[in-house]
Amino acid sequence: HCQISGLDVIEGIIAVEETEFNKKQRNTGKWQKMAKPHAFTVYYVKKARNHRWRCSDVTFWCVDEHLCNQWIQALKELLEMQKSRPKQLLVYINPYGGRRQGKRIYEQKVAPLFSLASISTDVVITEHANHAKDNLFEVNINKYDGVVCVGGDGMFSEVMHGLIGRMQKDSGIDQNNPKAPLVQCNIRIGIIPAGSTDCICYSTVGIIDPVTSALHIIVGDCQPLDVSSVHHNNTFLKYSVSLLGYGFYGDILKDSEKKRWMGPMRYDYSGFKTFLSHHYYEGTISFQPARHTLGSPRDKDSCRTGCYICKKSEQQLAEQHKERGLKREEDEEEWKVIKGKFLAINAVNMSCACPRSPKGLSPAAHLADGSADLILVRKCSRFDFLRYLVRHTNQDDQFDFSFVDVYRVKSFQFTSKLSEDNESNVTDIGKKRFGQFCRDHPACCCNSANSTWNCDGETLDSSAIEVRVHCQLMKLFARGIEENCKGEDADSQSSVEQLL
Ligand SMILES: CCCCCCCCCCCCC/C=C/[C@@H](O)[C@H](CO)NC(=O)CCCCCCCCCCCCCCC
Ligand SMILES: Nc1ncnc2c1ncn2[C@@H]1O[C@H](COP(=O)(O)OP(=O)(O)OP(=O)(O)O)[C@@H](O)[C@H]1O
Ligand SMILES: [Ca+2]
């Protein structure tokens, strides 16, 4: 990554413009000797610390007007040849996400950069939930090179549902069929973070910073992403890219929804409350291990830009597409079944790194390997659960506990004990009364009721679900987290800077 070539340099250029300079500029330095100076300014990506990108500029002065114009022309032609760069974007802004700064962030930090890079935009400020999703079913989508969402994970989820849903509708695929081979979505999504957790942005870029994300969009980055489909009884419920969590994260979300007015703080409040309530839930989880991928959840290396494990999965996917029509072998593959009492069941398609937990729920999970990491946290003491949680915030291994198991899977199913009992028509009135008693006395930690699934920050209505990972179903304007050239925290130079 540290090598430099002419092409790398163009990749880092945002725009080239003839420099308009005033008398003051003309009278500075050695250029004041020039009778009639000419100049052009190159705006480029400057890489700063901790994956942050900034727009910087450098002005080249020239005595010869013709030579100056030739340079401008040549650089503009090279920029024009960068076919992965978007020209026309559809932007959705959630004005109420996170700290309600979405509109301001877009107008002040992002729109000027898009305009500098000659990107045209159609901007929709959402008026209600599902506005963006519904709108994506109506717009002339082919007009756009990408869709940008300004908001949090929930807003991203809306846009993703709109795009994937639209894609399947246009291709005649029934989303309610859990086994349907879904059509990949080639229109990239850009995330301008303005939410509460912004876990998808953090896990794919390495920082929550609107300017950095805007620059990844401008240079036309592309990061494929695994998407899980969630069904209940042959009915499609939702897609998930980050966390599908039952128990702890489901309960936090349910409680926090009532506290939206608190903003991002609501998660800490509900997190603390849920931690104290210490509820566990009984159920059965069955899963198919992901045998196609090379990695394991206990690997020391994490998914980084150009990840070879994700590339391998991409190749396998291409082969599968070629062999389409042949019977899929996955139906015959083994299922593992685990019954137990769980404080949390977390399935993550990516690390789920976020500022609260910089290495995430599963540090070695891959963005695009066609698998999810299934983390089972069994019933344990409050103290042990706290030790487990604390390891999300430091360098210690959060899977190194006897009550935590982790599996890399390509599909799984869950049924709670309660719904199993209901299905087998066990009507134990005493048990139900006892359940009621426990709901009224939260100090009791038994499984009085079902938890809810937290699906990328939204609750699901059903506790019994069937989940399948779809390898690289969609793409983002991102490149994954970059390996730093000179150690984790050091500044790394962009190719333009190295050239300068
Ligand atoms: C002692 C400190 C332990 C801190 C442990 C922090 C672990 C944090 C892990 C965060 C994982 C986020 C996964 C991302 C999920 C997103 O798809 C979703 C949508 O935005 N966000 C949430 O559901 C929002 C989920 C928000 C979760 C907040 C959890 C806060 C837990 C606080 C526990 C306090 C225990 C204190 C005991 C004294
Ligand atoms: N104009 C609107 N009014 C009300 N709700 C909206 C509007 N636009 C979008 N939404 C909904 O708001 C929900 C939350 O938005 P968003 O994800 O941007 O912020 P957040 O919840 O604070 O952040 P995070 O998801 O990162 O925790 C989304 O699920 C989205 O459907
Ligand atoms: Ca994955």
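This one's a predicted model, so the numbers in the text were calculated from it and none came from an experiment.

Take the site of ligand 2 next. Around ligand 2, the surrounding shell holds 22 residues, and the nearest of these are Gly98, Thr126, Gly152, Glu158 and Ser196. Between ligand 2 and His128 there is a distance of 3.3 Å, counted from a nitrogen atom to a backbone nitrogen or oxygen. The side chain of Tyr267 places a nitrogen or oxygen atom 3.2 Å from an oxygen atom of ligand 2. Out of a free accessible area of 630 Å², ligand 2 has 86% covered by protein chains. Going through the elements one at a time, helix H6 (153-170) and helix H10 (266-277) are the ones with two or more residues in the shell around ligand 2. For the shell around ligand 2, the element with the highest residue contribution is H6, accounting for 4 residues. Taken together, the residues that form the shell around ligand 2 break down as 5 nonpolar, 11 polar and 6 charged. A domain-level breakdown of the shell around ligand 2 finds at least three residues from each of domain 1 (1-222 + 477-500) and domain 2 (228-313 + 336-472).

This next bit is on the coordination of the calcium ion (ligand 3). The coordination sphere of the calcium ion (ligand 3) contains the protein donors Asp226 (OD), Asn349 (O), His366 (O), Asp369 (OD) and Ser371 (O), at a distance range of 2.2 to 2.6 Å. Donor residues binding the calcium ion (ligand 3) come from one chain and are separated in sequence as D-x122-N-x16-H-x2-D-x1-S. With Asp226 in strand S8 (residues 223-232) and His366 in the loop between strand S12 (336-348) and strand S13 (372-378), the pair connects residues that are 140 residues apart, well separated along the chain. Per residue, the accessibility class of Asp226 equals that of His366, and both read buried.

This part is about the domain arrangement of the protein chain. Its domain assignment divides the protein chain into domain 1 (1-222 + 477-500) and domain 2 (228-313 + 336-472). Contact residues are listed per partner, giving 32 residues for domain 1 and 31 residues for domain 2. For the pair domain 1 and domain 2, the summed buried surface comes to about 2700 Å²; carbon and sulfur atoms form 58% of the total. Our count for the domain 1 to domain 2 interface comes out at 0 salt bridges. The interface formed by domain 1 and domain 2 contains 13 residue pairs in polar contact (both at pLDDT 80 or more). Those elements that provide at least two residues to the side of domain 1 that touches domain 2 are H6 and helix H7 (199-205). Of all the elements, H6 adds the most residues to the side of domain 1 that touches domain 2, at 8 residues. Residues belonging to the side of domain 1 that touches domain 2 are distributed by class as follows: 11 nonpolar, 15 polar and 6 charged.

The subject of this paragraph is the UniProt feature "domain: DAGKc" (unreviewed entry) in the protein chain. Per the UniProt record, "domain: DAGKc" (unreviewed entry) is found at residues 84-234. Taken end to end, residues 84-234 comprises 36% helix and 23% strand; its first and last C-alpha atoms sit 38 Å apart.

Around ligand 1, 21 residues are found, and the nearest of them are Asp153, Thr197, Ser242, Asn454 and Asp456. Side-chain polar atom of Thr197 to an oxygen atom of ligand 1: 3.3 Å apart, as the coordinates give it. Between ligand 1 and the protein, one listed contact pairs an oxygen atom with a side-chain N or O atom of Ser242 at 2.9 Å. Relative to its unbound accessible surface of 850 Å², ligand 1 loses 85% to contact with the protein. For the shell around ligand 1, the secondary-structure elements that each account for two or more residues are helix H9 (248-257), H10 and helix H12 (382-390). With 4 residues, the top contributor of residues to the shell around ligand 1 is H10. For the shell around ligand 1, the residue count by class is 12 nonpolar, 6 polar and 3 charged. Residue-level mapping places the shell around ligand 1 at the junction of two domains, with at least three residues from each of domain 1 (1-222 + 477-500) and domain 2 (228-313 + 336-472).

With that settled, consider the sheet that holds strand S3 (residues 53-62). Here we have 3 strands laid out as an open sheet, ordered S1-S2-S3, and antiparallel in their pairing. Two strands bound the open sheet, and with one partner strand each, they are strand S1 (13-18) and S3. Looking at each pair of strands side by side, their axes are set apart by 20° on average, direction ignored. As paired elements, strand S2 (residues 38-47) and S3 share 10 bridges and run antiparallel to each other. Its bridge partner being in S3, Lys47 is matched across the sheet by Trp53. Together, S1 and S3 form the strand contacts of helix H8 (residues 210-218), whose direction differs from that of S3 by roughly 60°.

The topology assignment puts Asn94 in the loop between strand S4 (88-93) and helix H4 (102-116). Judged by its relative accessible area of 18%, Asn94 falls in the buried class. Within the structure, Asn94 has its side chain in polar contact with the backbone nitrogen of Tyr96 (distance 2.8 Å). Here Gly97 takes part through its backbone nitrogen, which lies 3.4 Å from a polar atom of the side chain of Asn94. Sequence-distant contacts of Asn94, that is, excluding residues within four places in its chain, are made with Gly102, Thr126, Val150 and Met155.

Before going further, it helps to examine the side chain of Ser357. Looking at the element boundaries, Ser357 is found in the loop between S12 and S13. The contacts of Ser357, once residues within four sequence positions are left out, are Cys352 and His392.

Among the secondary structure elements, Lys238 is positioned in strand S9 (residues 235-240). Of the residues examined, Lys238 reaches a relative accessible area of 19% and is grouped as buried. For the pair Lys238 and Ile187, spaced 51 residues apart in sequence, the C-alpha separation works out to 19 Å. When near neighbours in sequence (up to four residues on either side) are disregarded, Lys238 contacts His161, Ser228, Ser229, Val230, Cys455, Glu458 and Leu460.

Rules used in this analysis
- Counting restarts for each chain: residues are numbered from 1 in the order of the written sequence.
- Just so you know, chain letters begin at A and ligand numbers begin at 1, following the order they were written in.
- In view of the model being predicted, local features appear only for residues whose pLDDT reaches at least 70, and side-chain atom pairs are presented and counted only at 80 or more, with totals across whole chains, interfaces and linings using the full set of residues.
- Values reported for side chains reflect all heavy atoms of the structure, with hydrogen atoms and water molecules removed beforehand.
- Residues are counted as near a molecule or strand when any one of their heavy atoms sits within 4 Å of it.
- Two N or O atoms count as a polar contact when they lie within 3.5 Å, although within protein this holds only if one can serve as hydrogen donor and the other as acceptor, and sequence-adjacent residues are included solely when both atoms are side-chain atoms.
- Residue-level accessible areas treat just the shown protein chains as cover; the underlying method is Shrake-Rupley with a 1.4 Å probe.
- Only runs of H or I of at least four residues qualify as helices and only runs of E of at least two qualify as strands under DSSP, and these elements are numbered from the N terminus.
- When residues are sorted by character, Ala, Val, Leu, Ile, Met, Phe, Trp, Tyr, Cys and Pro go into the nonpolar class, Asp, Glu, Lys and Arg into the charged class, and all the rest, Gly among them, into the polar class.
- As annotated, the domain borders come from an automatic or database domain assignment.
- With water excluded from the atoms, a metal site may look incomplete; its donors are any N, O or S atoms within 2.8 Å, or within 3.2 Å for Na, K and Ca.
- Here's how the labels work: a residue is buried when its accessible area is under 20% of the maximum for its type, exposed when over 50%, partly exposed in between, all with a 1.4 Å probe on protein chains only.
- When checking whether two residues touch, look at their non-hydrogen atoms; a contact exists if any pair is within 4.5 Å.
- Values labelled buried area give the accessible surface lost by two parts on being combined, using a 1.4 Å probe and summing over both.
- In what follows, salt bridge is the name for a side-chain nitrogen of Lys or Arg lying within 4 Å of a carboxyl oxygen of Asp or Glu.
- UniProt positions are given in the numbering used here, feature names are shortened, and annotations may be inferred rather than shown by experiment.
- When DSSP finds two or more bridges between a pair of strands, those strands are recorded as paired.
- Helix axes are fitted only over the stretch in contact, all axes being lines through C-alpha atoms; the angle between N-to-C directions runs from 0 to 180 degrees.

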